[in-house]
Amino acid sequence: MDPRKIFVIDTSVILYDHQALDSFEEHDVAIPITVLEELDQFKKGSSVLNRNAREFIRRLDEFSSDNLLQDWIPLNGSEGGRVMVVVPPQEPSGQEHRLYGSGADNRILAAALGLKARHDGRNVILVSKDINLRLKARALELPAEDYRRIAVTDVDRLYSGKTHLRVDDPALLDRLHAEQTLPVEAICRDEPPANHFFILTSGSKSALACYKQSRGSLERVVKRAAYGLEPRNAEQTFALSSIVDPEVRLVTLTGPAGTGKTLIALAGALEQSRQFRQILLARPIVPLSNRDLGFLPGDVSSKIDPYMQPLWDNVSYIKSRFETEDRAHQRLTAMVETEKIQIVPLAYIRGRSFSRVLFIVDEAQNLTPHEVKTIITRAGEDTKIVLNGDIFQIDTPYLDSHSNGLSYLIDRLKGHPLYAHINLVKGERSPLANLASELL
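Residues numbered from 1 in each chain as written. Predicted model: local features only at pLDDT ≥ 70, side-chain atom pairs only at ≥ 80, totals over all residues. Heavy atoms only, no water.

Undergrad: For this particular structure, what's the right way to read the side chain of His-421?
TA: The residue His-421 is located in strand S17 (residues 419–423) in this model. A distance of 3.1 Å separates a polar atom in the side chain of His-421 from the backbone oxygen of Tyr-159. Engagement of the side chain of His-421 in a polar contact is seen with the side chain of Thr-252, the distance being 2.8 Å. (Helix = DSSP H or I, 4+ residues; strand = E, 2+ residues; numbered from the N terminus. Polar contact = N/O pair within 3.5 Å; in protein donor to acceptor, adjacent residues only side chain to side chain.)

Okay, here's the thing in structure tokens:
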């Protein structure tokens, strides 16, 4: 029996990672011709999905320039796997016959089943980001797997950014309050990640601290207000501290709806607005029924406004905390009018470079790892990026808590001196919202 497997990949895998062909080591990769038909619908446009479709098509064209794609073509020399495009047989039979006539997903399943019948001695596996397609494959006794090349293995243990620690000697907390710093070895046996936060308690005493790797010390985190907004719990205090920390250039905030992620990020940005040329706000656009923005009436601004309204709501909330005659209210109004605060579509940032900008990306759990990388690589000199999201509330069909870009970023960057993360846990929107979250 041939130990090499045949992996049949569908369109969702390619749109998620255009380098998917390199992920299967010595095993072979089969691409149903239906997948190429679907990719043809995605090749035009400026989104990451469009670019992934184009990049994959170009690479496949390079492989096939001197070969027929209905034959196995080596991917990476003699030791690597091979690739082939699968076309339907002229006279399908059995399950294949029932599936070929209906829908793209069914035709992909039929191609995989045909391969399984023709290669009886080999293990044929369908790989898809589409949960329903995987379920249909298993119902037809065809092994199916999620594509996990860019994924976090255990999201339940994803880095939270903080530790609650009981201190035996209360004098250490007195020292921290008095001197604002402590040697890390006085509290921790092992060195924590850079910019890791601590909730320290000893009897009735408590303190908040952050580990600064460059100085090898724990530094006290003081609860402070930002643009009239005061943190309501330890996690919000940590979040605001990391946003205004000049040593930290990338911040991620996670947590359920109502924990104050976007509001804290915006308040922290406004507090230090003089340090930045511009404050940019963005969130992924996830249209209903996967329809593009083109079907909406109006110009680009009119098309994106409905999706960006939650960001404007946060701006309006902060403004409402001041009287109309108040200087802070007038200053915020002026920043909006002069586009010192501006909302931008993520689809149009590729190729741009942002210098002296504070860039807040809301709902970042709806981004792929490639999209997150695209955003961060736009950062120019003196730019800071804040990404917010709830990794368990994902609105795109081919992402989950393991494979979304926000989870991937947290898992890969934890402990870097330029990076800070905090998971917010307590809802602060209102008692009614908390009641719904807990009981409904």
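Additional details are given in the paragraphs that follow.
Undergrad: When you look at the sheet that holds strand S3 (residues 73–74) in this model, what are you seeing that I'm missing?
TA: Strands pair in a sheet through their backbones, by hydrogen bonds, and they do so in one of two ways: parallel or antiparallel. Taken in spatial order, the 6 strands make up an open sheet running S3-S4-S2-S1-S5-S6, and their pairing is mixed. Every interior strand has two partners, whereas the edge strands, S3 and strand S6 (144–145), have only one. Those strands touched by helix H2 (residues 33–42) are strand S1 (6–9), strand S2 (28–32) and strand S4 (82–86), and its axis lies near 60 degrees from that of S2. (Pairing = 2+ DSSP bridges. Contact = heavy atoms within 4.5 Å. Axes fitted to C-alpha atoms, helices over the stretch in contact; angles between N-to-C directions.)

Undergrad: Explain the sheet that holds strand S11 (residues 217–220) to me, please; I cannot follow it from the model alone.
TA: On the basis of which strands lie adjacent, the open sheet formed by 5 strands has the order S7-S9-S10-S11-S8 and mixed pairing. The sheet is open, and its two borders are formed by strand S7 (162–166) and strand S8 (181–183), each paired with just one other strand. The average undirected angle you get between the axes of adjacent strands in this sheet is 30 degrees. Note: S8 against S11, 3 bridges, orientation antiparallel. In the sheet register, Pro-183 faces S11, and the bridge partner there is Ser-217.

Undergrad: Help me understand the nonpolar core, please; the structure alone is not making it clear to me.
TA: One recurring pattern in soluble globular proteins: nonpolar side chains tend to sit buried together. In this structure, Ile-9, Leu-21, Ile-31, Leu-115, Leu-126 and Leu-142 are the most contacted members of the largest nonpolar core, which totals 45 residues. If you tally residues by element for this core, the top one is helix H5 (residues 104–118), at 6 residues. Excluding residues within four positions of it along the chain, Ile-31 makes contact with Ile-9, Leu-21, Leu-36, Phe-56, Leu-60, Val-83, Met-84, Val-85 and Val-86. Leu-263, Ala-269, Leu-270 and Leu-424 belong to the second largest nonpolar core, which has 43 residues in total. (Core = buried A, V, L, I, M, F, W, Y, C linked by side-chain atoms within 4.5 Å. Buried < 20%, exposed > 50% of the residue type's maximum accessible area, 1.4 Å probe, protein only.)

Undergrad: Hey, could you run me through the pairing of strand S9 (residues 197–202) in this one?
TA: Along a regular strand, successive side chains alternate from one face of the sheet to the other. In terms of residue burial, S9 counts as a mostly covered element, since 6 of its 6 residues are buried. Of the two faces of S9, both are covered, the one formed by Phe-197, Ile-199 and Thr-201 as well as the one formed by Phe-198, Leu-200 and Ser-202. In this structure, S7 lies alongside S9, joined through 5 bridges in parallel fashion. If you follow Thr-163 over to S9, its bridge partner there is Phe-198.

Undergrad: Which parts of the structure should I look at to understand the pairing of S17?
TA: Where burial is concerned, most of S17 is hidden: 4 out of the 5 residues are buried. Where strand S12 (residues 250–254) meets S17, 5 bridges bridge the pair, whose relative direction is parallel. For Val-251, the partnering residue across the bridge sits in S17 and is Ala-420.

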